[in-house]
Amino acid sequence: MISFLKNKHIILGVTGGIAAYKSPDLTRRLIEAGAIVRVVMTQHAKEFITPLTMQAVSGHPVHDELFDLQAEAAMGHIELARWADAIIVAPATADFMARLARGEANDLLTTLCLATCAPIAIAPAMNQAMWKNTLTQSNLEALLAKKFLIYGPASGLQACGDVGPGRMMEPADIIEQLNAIFNTGLLAGKNILITAGPTREAIDPVRYITNASSGKMGYALADAAIEAGAHVTLISGPVNIAKPLRATCIDVVSAEEMLAAVLEKITHCDIFFSVAAVADYRLKHIFSEKMAKKAEEITLELVRNPDIVATVANLPNRPWTVGFAAETDNVLQKAKNKLINKKLDMIIANQVGNNLGFDSDMNTVTVLWEDQQKSFPLMPKQKLARELIQLTSRLSERKIVC
Ligand code: C5P
């Protein structure tokens, strides 16, 4: 099974039922699948399993208090809610289901469930009579209506000796279900080309002109596109991040090299994301030897680099073309101008500077297309990338001919 859980931020909620003995195994399997796990325990969960066990298997301190100053200082509950790519509550007791269905926020776990935008799955575990009780069943209906994901329960012998529905779904099956959340198939079979990172324009053999782009946004988009079932080619300038698994990766240095690589790979491409912060200028003449420090002042003569995304947008059989506009001021207006002037299908306007956008793990953007726009609040770049892929798949669907 391909793991789509790699690098996903998963909150594992543990509530007070005997099936909590399976929670360390679930944690271990999540980590084996590549997820980063934070465990949240209710007070009753601690009657069944110790926070020390969960800390040891997850590699992080357990979160268990809503009003704990120390925990709030480390990672506050709203921050934790935003951090999550998914929440899985396993085991989920009848009491937890009831509180969740009523929208209560009287402990850390229910508060996180209210505060997060991430998908929430629960794996109920309780006595078969409690499960069949009409009150539990109406809570179940309410949760299903609100798009909570319900995993199980399985049927069989129960800890109390009864036989029937109410056993927690096995950890291996929960992993399979969680994996499916991230395997969206939105871009199944599509060919996606992405440029990322900065370009480096040589001055002499040891010096160059570049910018502060880290490549994180482009790489996150590559991951999200792969997750959505696309074949991804990633053309990257010099960065210090790990290559996405299952992408065809091409390393380049300068804007001219990036253009050549793009033009070579653009045929059969359905969607082109031009995320790279391409240097606008390069040296007219690169010094063949290291420049000596003699003069008090020097002048470097620069010439314009080709505009890669505009070149692609002008090709006869152009792919659906997406640009980025990283700006420090007048962001939306400048982005709108680029959308029109570069003939793009969509542009992602990105405020940069003051620790925003470039070289940061978080980002907030406004996406513009035709005469419409949609804003995305500050969130981790991985999460934003998934949102952007969703929007792209919806908008490009109208134009891609398969
Ligand atoms: O013109 P500006 O650099 O602000 O436009 C940003 C968009 O254009 C980005 O999508 C970037 O990848 C692309 N671009 C390009 N080639 C250039 C300059 C920018 O593809 N030489």
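Only a predicted model underlies this, so the values are computations on that prediction, with no experimental measurement involved.

## Brief notes about the packing of aromatic side chains
Two descriptors summarise a pair of aromatic rings, namely the distance from one centre to the other and the angle between the planes of the rings. One pass over the structure, following the stated rule, counts zero aromatic pairs. Sitting above the plane of the Y208 ring, R200 keeps its charged end 4.2 Å from the centroid. The side chain of R246 reaches across the aromatic face of F4, ending 5.6 Å from its centre.

## Let's talk about the side chain of T366
When you line up the elements, T366 lands in strand 18 (residues 362-369). Of the polar contacts made by the side chain of T366, one reaches the side chain of S375; its length is 3.0 Å. Once residues lying within four places of it in the same chain are set aside, the contact partners of T366 are L332, I347, I348, A349, Q373, K374 and S375.

## A closer look at the pattern of salt bridges
Scanning the model with the defined rule gives 21 salt bridges in all. Between E32 and R28 there is a salt bridge, with its nearest N and O atoms 2.7 Å apart. Of this pair, E32 and R28 both sit in helix 1 (residues 23-32), four residues apart, roughly one helical turn. E32 gets classed as exposed once you look at its relative accessible area, which sits at 58%. According to the relative accessible area criterion, R28 is partly exposed, its value standing at 40%. Here D204 and R207 are joined by a salt bridge, their closest N and O atoms 2.5 Å apart. Exposure remark for R207: the relative accessible area of 34% places this residue in the partly exposed category.

## Focus on helix 5 (residues 94-102)
A94, F96, M97, A98, R99 and L100 are the residues of helix 5 that are buried. In this fold, the buried residues of helix 5 make contact with strand 3 (86-92), helix 6 (108-115), strand 4 (120-124), helix 7 (128-132) and helix 8 (134-145). Within two residues after helix 5, G103 carries a phi angle of roughly 75 degrees, on the positive side.

## A closer look at the nonpolar core
In terms of nonpolar packing, the biggest core is built from 36 residues, with I192, I194, L221, V232, F273, V367 and L388 touching the most fellow members. Per-element accounting of this core gives the leading share, eight residues, to helix 10 (residues 216-227). For L221, the residues in contact, after removing those within four places along its chain, are I194, F273, V275, F324, A385, L388 and I389. The next biggest cluster of nonpolar side chains, apart from the first, holds 31 residues, and it includes L5, A121, A123 and I174.

## Some points on the site of the ligand
In the vicinity of the ligand, the contacting residues are S274, A276, V278, D280, P306, D307, I308, V309, G323, F324, K338 and K342. For the ligand, a nitrogen atom lies 2.8 Å from a polar atom in the backbone of P306. Here the ligand has 440 Å² of accessible area as a free molecule, and 87% of this is covered by the chains.

## Focus: a nonpolar patch on the surface
Together, I18, Y21 and F48 make up a nonpolar patch on the protein surface, roughly 340 Å² of accessible area in all. On the basis of relative accessibility, which here comes to 41%, the residue F48 falls in the partly exposed class.

## Here's the deal with the domain arrangement of the protein chain
The extent of an interface is frequently quoted as the accessible surface area lost upon association of the parts. According to the domain assignment, the protein chain contains domain 1 (9-182) and domain 2 (191-396). Using C-alpha coordinates to define each centre, domain 1 is positioned 39 Å away from domain 2. Counting residues at the interface gives five residues for domain 1, matched by four residues for domain 2. Summed over both sides, the interface between domain 1 and domain 2 buries roughly 450 Å², with carbon and sulfur atoms accounting for 42% of that surface. Together, R82, D85 and F182 form the three largest contributors to the area buried by domain 1 at its contact with domain 2, with a combined 81%. Here domain 1 and domain 2 share one salt bridge between them. Across the salt bridge formed by D85 and R386, the nearest N and O atoms sit 2.6 Å from each other.

About the criteria used
Residues numbered from 1 in each chain as written. Predicted model: local features only at pLDDT ≥ 70, side-chain atom pairs only at ≥ 80, totals over all residues. Heavy atoms only, no water. Phe/Tyr/Trp six-rings, centres within 6.5 Å; stacked < 30°, edge-to-face > 60°. Lys NZ or Arg CZ within 6 Å of the ring centre and 35° of its normal. Helix = DSSP H or I, 4+ residues; strand = E, 2+ residues; numbered from the N terminus. Polar contact = N/O pair within 3.5 Å; in protein donor to acceptor, adjacent residues only side chain to side chain. Contact = heavy atoms within 4.5 Å. Salt bridge = Lys/Arg side-chain N within 4 Å of Asp/Glu carboxyl O. Buried < 20%, exposed > 50% of the residue type's maximum accessible area, 1.4 Å probe, protein only. Core = buried A, V, L, I, M, F, W, Y, C linked by side-chain atoms within 4.5 Å. Near = heavy atom within 4 Å. Areas by Shrake-Rupley, 256 points an atom, 1.4 Å probe, with all protein chains shown as cover. Patch = residues over 30% accessible without salt bridge, like charges linked within 9 Å, V, L, I, M, F, W, Y side chains within 5 Å. Domains from an automatic or database assignment. Buried area = accessible area lost by both parts, 1.4 Å probe.

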